[in-house]
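What follows is each chain in one-letter form.
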Amino acid sequence: MDSAVRDIEFLARSAHRVAALEALAEGGHDRRDLRLATGASDPTVGRILRDFEGHSWVVRTGPVYELTPLGEFVTERFLELREAMTAAGTLRDVWRWLPREMEGFAVEHFEDAVVSYPGPSYPYQPVERVSHLLETTDTIRGLGTTIYKSGNLEVFCRRVLDGMETEYIYSLPVLRAIVAWNPELTARAFECDNCTVLVHDSLRDDDRCGLNVMDDCIGICGHDPDTAQLEAVIDTASAEAREWAVDVYERHRREARPFDREEFLDADDGGRERLRVEP
């Protein structure tokens, strides 16, 4: 094990050391301040400070301890690593549903994402998350299979009828499946002046997930292509993620065409009749 890994382990295996670094990153502290900030005993704080001094991470001026420039560097990088590992842990279970092939996708855009997926005792969390997002936005732009469950479609259509500004890009097979779910309700929604439906012949990652851009956040929904089961919802208010999502949407919109009822009725769905909206 090299010295760099040993130093990472030295910090990572002690919550008190990490808490002390975080406190010192905010400014100088005496030992009493550090006891309060870390919850550690006075002897433990003393050992931490001696270790930090030995690494040249802190310097003492009277009773006050401060990070050295080296200590600031180490603290910043260590906390960045912790944030990265936290994000990796959050995204690990939903990685297969993310639009990794969409141009410009970057993991760092989703460091603060909210992730919802079916749990063993409560499988409805992702459906409820989508409904919550629909209820709390006045505008939505989207593409793919994001809104595909019947419970979410009911909310979606109601929000459109209530005036939610909507622009959505579908593939023909997905659009046909959605209309088949409730032809009368979807027709009413699609005929609203505030609703624009577009068709795209080659949506990237359409067999796996879809993308929404809403007032305050973006959302990604992952579906199992064989069962239409909603497997994960990932949403974030990150400005970088929003910029990426808007760019993805605008690129697809330029390639899309207006919904044509005759084309829709006559289209061959390429053997994907199995696509259906699941309850």
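Residues numbered from 1 in each chain as written. Predicted model: local features only at pLDDT ≥ 70, side-chain atom pairs only at ≥ 80, totals over all residues. Heavy atoms only, no water.

Under the annotation held in an unreviewed UniProt entry, the protein carries the name Helix-turn-helix transcriptional regulator and is attributed to Halomarina ordinaria.

(A) Highlighting a negative patch on the surface. Residues Glu80, Glu83, Glu108, Glu111, Asp112, Glu240 and Glu243 make up a contiguous surface patch of negative charge. Secondary structure elements with two or more residues in the negative patch: helix 5 (69–92) and helix 10 (239–255). Topologically, glutamate 83 is positioned in helix 5. A relative accessible area of 48% means that glutamate 83 is categorised as partly exposed. (Patch = residues over 30% accessible without salt bridge, like charges linked within 9 Å, V, L, I, M, F, W, Y side chains within 5 Å. Areas by Shrake-Rupley, 256 points an atom, 1.4 Å probe, with all protein chains shown as cover. Salt bridge = Lys/Arg side-chain N within 4 Å of Asp/Glu carboxyl O. Lys, Arg positive; Asp, Glu negative; His and termini not counted. Charge placed at Lys NZ, Arg CZ, Asp CG, Glu CD. Helix = DSSP H or I, 4+ residues; strand = E, 2+ residues; numbered from the N terminus. Buried < 20%, exposed > 50% of the residue type's maximum accessible area, 1.4 Å probe, protein only.)

(B) Focus on the pattern of salt bridges. On inspection of all chains with the given rule, the structure shows 12 salt bridges. When the shortest N-O distance is used, the salt bridge between arginine 82 and glutamate 22 registers 2.6 Å. Of this pair, arginine 82 sits in helix 5 while glutamate 22 sits in helix 2 (residues 15–25); the two residues are 60 residues apart in sequence, bridging distant segments of the chain. A single network of salt bridges, built from pairs that share partners, joins Arg31, Arg35 and Asp42.

(C) A look at the pairing of strand 4 (residues 139–143). The pairing of strand 4 with strand 5 (residues 165–170) spans five bridges and is classified as parallel. Bridge pairing links leucine 143 to isoleucine 169 in strand 5. Strand direction decides the pairing type here: strand 4 and strand 7 (residues 209–214), joined by four bridges, are antiparallel. Across the sheet, the residue bridging to leucine 143 is leucine 211, located in strand 7. (Pairing = 2+ DSSP bridges.)

(D) Up close: the nonpolar core. If you look at the biggest cluster of nonpolar residues, it comprises 31 residues, and the most contacted ones within it are Leu134, Phe156, Tyr170 and Phe190. Breaking this core down by element, the ones donating at least two residues are helix 6 (125–135), helix 7 (150–161), strand 5, helix 8 (172–181), helix 9 (183–190), strand 6 (195–199) and strand 9 (230–236). Once residues within four sequence positions are removed from consideration, phenylalanine 156 is found in contact with Leu134, Ile140, Ile147, Met164, Thr166, Tyr168 and Tyr170. Formed by 26 residues, the second largest nonpolar core is a distinct cluster that contains Leu91, Leu98, Ile220 and Trp244. (Core = buried A, V, L, I, M, F, W, Y, C linked by side-chain atoms within 4.5 Å. Contact = heavy atoms within 4.5 Å.)

(E) Quick peek at the packing of helix 2 against helix 5. Remark: helix 2 packs on helix 5, axes separated minimally by 10 Å, with the N-to-C direction vectors making an angle of 120 degrees. When the axes of helix 2 and helix 5 are compared, the pair comes out oblique. The element helix 2 and its partner helix 5 pack so that their crossing is left-handed. When helix 2 is examined against helix 5, the residues Val18, Leu21, Glu22 and Ala25 are found in contact with a partner set consisting of Thr75, Phe78, Leu79 and Arg82. Its residues placed into classes, the contact of helix 2 with helix 5 shows five nonpolar, one polar and two charged. (Axes fitted to C-alpha atoms, helices over the stretch in contact; angles between N-to-C directions. Parallel < 35°, antiparallel > 145°, perpendicular 65-115°, else oblique. Left-handed = near helix turned anticlockwise from the far one by under 90°. Nonpolar A, V, L, I, M, F, W, Y, C, P; charged D, E, K, R; others polar.)

(F) Just the side chain of threonine 44, in detail. Relative to the helices and strands, threonine 44 is located in helix 4 (residues 42–54). By relative accessible area, which is 18% here, threonine 44 ends up buried. A polar contact of 3.0 Å, which involves the side chain of threonine 44, links it to the side chain of serine 41. (Polar contact = N/O pair within 3.5 Å; in protein donor to acceptor, adjacent residues only side chain to side chain.)

(G) Layout of the sheet that holds strand 9. Spatially, eight strands are ordered 3-9-8-7-4-5-6-10 in an open sheet, and the strand pairing comes out mixed. Since the sheet does not close on itself, it has two edges, and those belong to strand 3 (114–116) and strand 10 (257–258), each with one partner.

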